[in-house]
Amino acid sequence: MNPVATTEPRERLPLRPASDGPPRQGSTMTIPDEQDRKSEHSAAAGGERPRASSGRKSLSIRDVSMVFTRAEHSVHALDHIDIDIEEGQFISVVGPSGCGKSTLLKLVAGLRPPTGGEIEILGEKVKGPRSDVGIVFQSPVLLPWRTVLQNVMLPIEVLRLDHSAYKAKARELLDLVGLGGFEKAYPQELSGGMQQRAAIARALVYDAPILMMDEPFGALDAMTREQMNVEVQQIWERSGKTVVFITHSIPEAVFLADRVIVMSPRPGRVLRDLHINMPRPRGLDDMLTPEFGEHVREIRGMLGKADAAGGRDDRQTNW
Amino acid sequence: MTDRPIGEVEILGAPTEEASGSGVSWERFGLPIFVLFALMGSWEGIVRFLEIPGYILPPPTAIIRAFVSGFLTGAFIPDLAVTAFQAVFGFLIGSFIGLSLGVIIVLFPTMERIIYPYVVALQTVPKVALAPLLVVWFGFGMTSKVIVVALVSLFPVLVNVIAGLRSVDQERLDLLGALSATRWQIFWYLRFPNSLPYFFAGLNTAVVLSVIGAIVGEFVGATQGIGFRILQANYNLDIAGAFALFMVLSLLGLTLHGTLKFIERRTVFWTATQTTH
């Protein structure tokens, strides 16, 4: 397709709304279906980086509660959660296991209805699954009978979008996540990190303005994980999407996010909404700065206090 | 056909046997062939030494002679064709019905309560008991045998298809659910491909049963086919001929099984690589 793209993919990938970058000739990314949404977006986002601006609510979680009832047993998973997320923001959600982080993701994705409160996406109440939220699950969830490219194209087929138009985009996304040349491989031939990259490409391919990531790197080794964090930051900066990133790891949360939402153990409540104002793009060395350490310490302290039984030794708990 | 098991042996034996070189191929081919000849040789020796008459236990050489001449004179061919046709045709019909019923039962859960009891009831009746009735209804021709085979093949396919269509990961369902996939899309993109390895497991059981089904049908009442010839050979005390016909049946079963494995490895290619991880 584009021979130059392999040598210098970062500069060439027009993932951001079209108005941001210089005009591209023969743009493979111009897809008829998304024209409306795109222009609307870039108008709202304006400027050189979407998140720096609008203040428009991308995602509102209002007074959301979730109680699971099974027989006489009921579990209070989420307790009056209020979160407002602006367009283009990167939000991390941290908390101990079982604080309802993944439940929150399922509610936003419209996979389950909340038992209380409501969720709005771009000003519209969530009533069921919707195509403006892309999801990256804890495990890659790739279908073993489809090639990597076919897996990335799955949302396009299910949403009945123009297959041929999005194929080029799928290939560019695979280049972006470092899987160029693996289009025809099958998922089981890839390493865990590569599989998760393919899953990210799949979540990005249909232009959902919101990307939800549920502990996507939990199963990866520490080095791959750091590398993936740097890459997610780059992908986010170039795509201008609103990202909600759920994680166990406090350093990961601080490294990636504009805001870190700290949640308490069950029932999940928002303990703190912490703004991280460290400059971007952040590199791995920024994890050594005093500011970074201060944020990490603060969050760790909060979680330690909340989890009275858990004690202070955080090597024993899994954040 | 057997290249996979052999490959596994090679991997297992590699660290110790690779150095000696010939050791690997001796264990792979030499030893089994040696054991085969030793068994045949002692069989032959015992029969000759004890002077056991041919109508009780024929020596291997007599069986091989009957087997070879059966093919050379062309005597086996028409009967083999009849039995093979009955087995394959009945197997195809039975598998198709099993697959269709499985899909219907999973897609429309109310159908399970209506259909499934009959299927289980049918399965608990031995097909040997049904075969005479089917011969009365459909005659001595091939139809009655095809129906017996279809009935035998149906159940393993049905049970496996239902299991395969249902055992779908919740995460994969969520993935498609989050894209607001319809029930049909979930079926085509997820449930159906997911059920294929199970479907083939059912087919593998069914294909072996199909040969048995054809023979059972022929035993009850037929004018041609390998099963019919076995009965004839027994009446004539041509035990070497009967053994030769058993070999023909084994060959038929192996060929069908091998063909199916061949198709399976190309259709559900992902399962082989998955299990190695």
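Cut-offs applied
- All chains use their own residue numbering, which begins from 1 and follows the written sequence.
- In the order they appear in the text, chains get letters beginning with A and ligands get numbers beginning with 1.
- The predicted origin of the model limits local features to residues at a pLDDT of at least 70 and limits the giving and counting of side-chain atom pairs to 80 or more, whereas totals for whole chains, interfaces and linings rest on all residues.
- Secondary structure elements are taken from DSSP: a helix is a run of H or I of four residues or more, a strand is a run of E of two residues or more, and numbering for both begins at the N terminus.
- Partly exposed residues are those whose C-beta has more than 12 but fewer than 20 other C-beta atoms within 10 Å; with 20 or more the residue is buried, with 12 or fewer it is exposed, and the C-beta atoms are placed from the backbone.
- This entry defines residue contacts through backbone-placed C-beta atoms, with two residues in contact when those atoms are within 7 Å.
- For two strands to pair, DSSP has to find at least two bridges joining them.
- Axis definition: a line fitted to C-alpha atoms, over the contacting stretch in the case of helices. Angles run 0 to 180 degrees between N-to-C directions.
- Per-residue confidence from the predictor is given as pLDDT, running between 0 and 100.
- What a helix is expected to span follows from its residue count: subtract one and scale by 1.5 Å.
- Bend at a residue means the angle formed by two fitted axes: the first through the 7 residues ending at that position, the second through the 7 residues beginning there.
- A set of buried Ala, Val, Leu, Ile, Met, Phe, Trp, Tyr and Cys residues, joined through C-beta atoms within 7 Å, is what we mean by a nonpolar core.
- Two helices that cross are described as forming a left-handed crossing if the nearer one is turned anticlockwise from the farther one by less than a right angle, and a right-handed crossing if clockwise.
- Under the grouping applied here, Gly and all other residues not named as nonpolar or charged are polar, the nonpolar ones being Ala, Val, Leu, Ile, Met, Phe, Trp, Tyr, Cys and Pro and the charged ones Asp, Glu, Lys and Arg.
- For this classification, under 35 degrees means roughly parallel, over 145 means roughly antiparallel, 65 to 115 means roughly perpendicular, and everything else is oblique.

**Brief notes about the overall build of chain B**
What chain B contains, in helices and strands, is twelve helices and zero strands. Secondary structure elements of chain B, listed N to C terminal, follow the sequence α-α-α-α-α-α-α-α-α-α-α-α. For chain B, the proportion of its 277 residues judged to be buried stands at 32%. For chain B, the proportion of contacts with a sequence separation of at least 24, taken over those separated by at least 6, is 74%.

**Notes on the overall build of chain A**
The number of helices and strands found in chain A is ten helices and ten strands. Going through the 319 residues of chain A one by one, you find that 39% of them count as buried. Contacts in chain A between residues far apart in sequence, at least 24 positions, make up 70% of those at least 6 positions apart.

**Some points on the sheet that holds strand S8 (residues 242-247) of chain A**
Residues and elements named next belong to chain A. In space, the six strands of this open sheet follow the order S6-S7-S8-S3-S9-S10, with mixed pairing throughout. At either margin of the open sheet sits one strand with a lone partner, and together these are strand S6 (133-136) and strand S10 (270-275). When strand polarity is set aside, the average angle formed by the axes of neighbouring strands in this sheet is 15°. Sheet strands touched by helix H4 (residues 101-108): strand S3 (90-94), S6, strand S7 (210-214), S8 and strand S9 (259-263). Its angle to S7, the strand with the most contacts, is close to 150°. Packed on one face of the sheet, helix H7 (residues 192-204) meets S6 and S7 and runs near 175° to S6.

**Observations regarding the interface of chain A and chain B**
Across the boundary between the two partners, chain A contributes 19 residues, which contact 17 residues of chain B. Sorting the residues of the side of chain A that touches chain B by element identifies S6 and helix H5 (148-158) of chain A as the ones contributing at least two each. By residue number, the principal contributor to the side of chain A that touches chain B is H5(A), which donates three residues.

**Section: the sheet that holds strand S5 (residues 124-125) of chain A**
Residues and elements named next belong to chain A. The four strands are arranged S2-S1-S4-S5 in an open sheet whose pairing can be described as antiparallel. Each having just a single partner strand, strand S2 (73-86) and S5 make up the two edges of the open sheet. Where strand S4 (residues 116-121) meets S5, two bridges bridge the pair, whose relative direction is antiparallel. Note on S5: the bridge partner recorded for Glu-120 is Lys-125.

**Side note on the environment of Val177(A)**
Residue and element names in this part refer to chain A. For Val-177, the position within the fold is in the loop between helix H6 (163-176) and H7. For the pair Val-177 and Ala-199, spaced 22 residues apart in the sequence, the C-alpha separation amounts to 9.8 Å. Not counting residues up to four positions away in its chain, the partners in contact with Val-177 are Arg-197, Ile-200 and Ala-201.

**Looking at unusual backbone geometry**
With an omega of -5°, the peptide bond between Arg280(A) and Pro281(A) qualifies as cis. The topology assignment puts Pro281(A) in the loop between S10 and helix H10 (290-306). Look at Glu51(B): it is not a glycine, yet its phi comes out positive at around 55°. Mapping Glu51(B) onto the fold places it in the loop between helix H2 (22-50) and helix H3 (60-72). Classification of Glu51(B) by C-beta neighbours within 10 Å gives exposed; the count is 6. Here Ser180(B), not a glycine, exhibits a phi torsion of approximately 50°, which is positive.

**Here's the deal with the confidence of the model for chain A**
Residues and elements named next belong to chain A. Mean pLDDT over chain A works out to 78, with 78% of the residues at or above the 70 mark. The weakest mean pLDDT in chain A belongs to helix H2 (residues 9-12) at 39; the strongest belongs to H5 at 93. Residue range residues 309-319 is modelled with pLDDT below 50. Its contacts to residues more than four positions away, or to other chains, number 16 contacts.

**Some details on helix H7 (residues 142-166) of chain B**
Residue and element names in this part refer to chain B. The first and last C-alpha atoms of H7 sit 36 Å apart over 25 residues, in line with the 36 Å expected at 1.5 Å per residue. Taken as a whole, H7 carries its principal kink of about 25° at Leu-154; the proline Pro-156 stands between one and four residues after it. Counting buried positions along H7 gives 21 out of 25 residues, so the element sits mostly inside the fold.

**With respect to the nonpolar core**
Grouped burial of nonpolar side chains is what soluble globular proteins tend to show. Judged by nonpolar contacts, the single largest core of 81 residues is most densely connected at Val108(A), Ala201(A) and Met212(A). Here Met212(A) is in contact with Leu105(A), Val108(A), Ala109(A), Val133(A), Ile135(A) and Val244(A), once residues within four sequence places are set aside. With 52 residues, the next largest nonpolar core counts Ile63(B), Ala87(B), Leu101(B) and Val148(B) among its residues.

**Quick notes on the packing of H3(B) against helix H11 (residues 239-267) of chain B**
Residue and element names in this part refer to chain B. Where H3 contacts H11, the two axes come as close as 8 Å, and the packing angle between them is 65°. As H3 runs across H11, the sense of the crossing is right-handed. Contacts from Ala-62, Ile-63, Ala-66, Phe-67 and Gly-70 of H3 reach H11 at Ala-240, Gly-241, Phe-243, Ala-244 and Met-247. Grouping the amino acids of the contact of H3 with H11 by side-chain chemistry returns eight nonpolar, two polar and no charged.

**A short note on the packing of helix H4 (residues 76-107) of chain B against H11(B)**
Residue and element names in this part refer to chain B. Relative orientation of the contacting elements H4 and H11 amounts to 40°, with a least axis distance of 11 Å. Between H4 and H11, the interaxial angle falls into the category oblique. When you trace H4 past H11, the crossing you get is right-handed. On H11, the residues that touch Phe-76, Leu-80, Thr-83, Ala-84 and Ala-87 of H4 are Val-248, Leu-252 and Leu-256. In terms of residue class, the contact of H4 with H11 is built from seven nonpolar, one polar and no charged.

**What about H5(A)?**
Burial of H5(A) is extensive: eight of the eleven residues sit out of reach of the surface. Those residues of H5(A) that are buried lie in contact with H6 and H7 of chain A together with helix H8 (170-177) and helix H9 (183-220) of chain B. Phi turns positive, to about 55°, at Arg160(A), one or two residues after H5(A).

**A closer look at the pairing of S2(A)**
Residue and element names in this part refer to chain A. Pairing geometry for strand S1 (residues 57-70) and S2, over ten bridges, is antiparallel. Considered in S2, the bridge of Met-66 is made with Leu-78. Where S1 hands over to S2, the hairpin turn is made up of two residues, of which Ala-71 adopts a positive phi near 55°.

**Details of the environment of Met142(B)**
All names here are of chain B. If you trace the backbone, Met-142 turns up in helix H7. Spatially, the C-alpha atoms of Met-142 and Met-111 are 32 Å apart, while their sequence positions differ by 31 residues. Setting aside residues no more than four positions away along its own chain, Met-142 makes contact with Val-82, Phe-85 and Gln-86.

**What to know about the confidence of the model for chain B**
All names here are of chain B. In this model, chain B carries a mean pLDDT of 85, and residues with pLDDT of at least 70 account for 89%. The lowest-confidence element of chain B is helix H1 (residues 3-17), averaging 39 in pLDDT; the highest-confidence one is H4, averaging 94. pLDDT under 50 marks residues 1-20. Its contacts with residues more than four places away, or in other chains, come to ten contacts. Note that residues 273-277 has pLDDT below 50 and, in this model, four contacts with residues that lie over four places away or in other chains.

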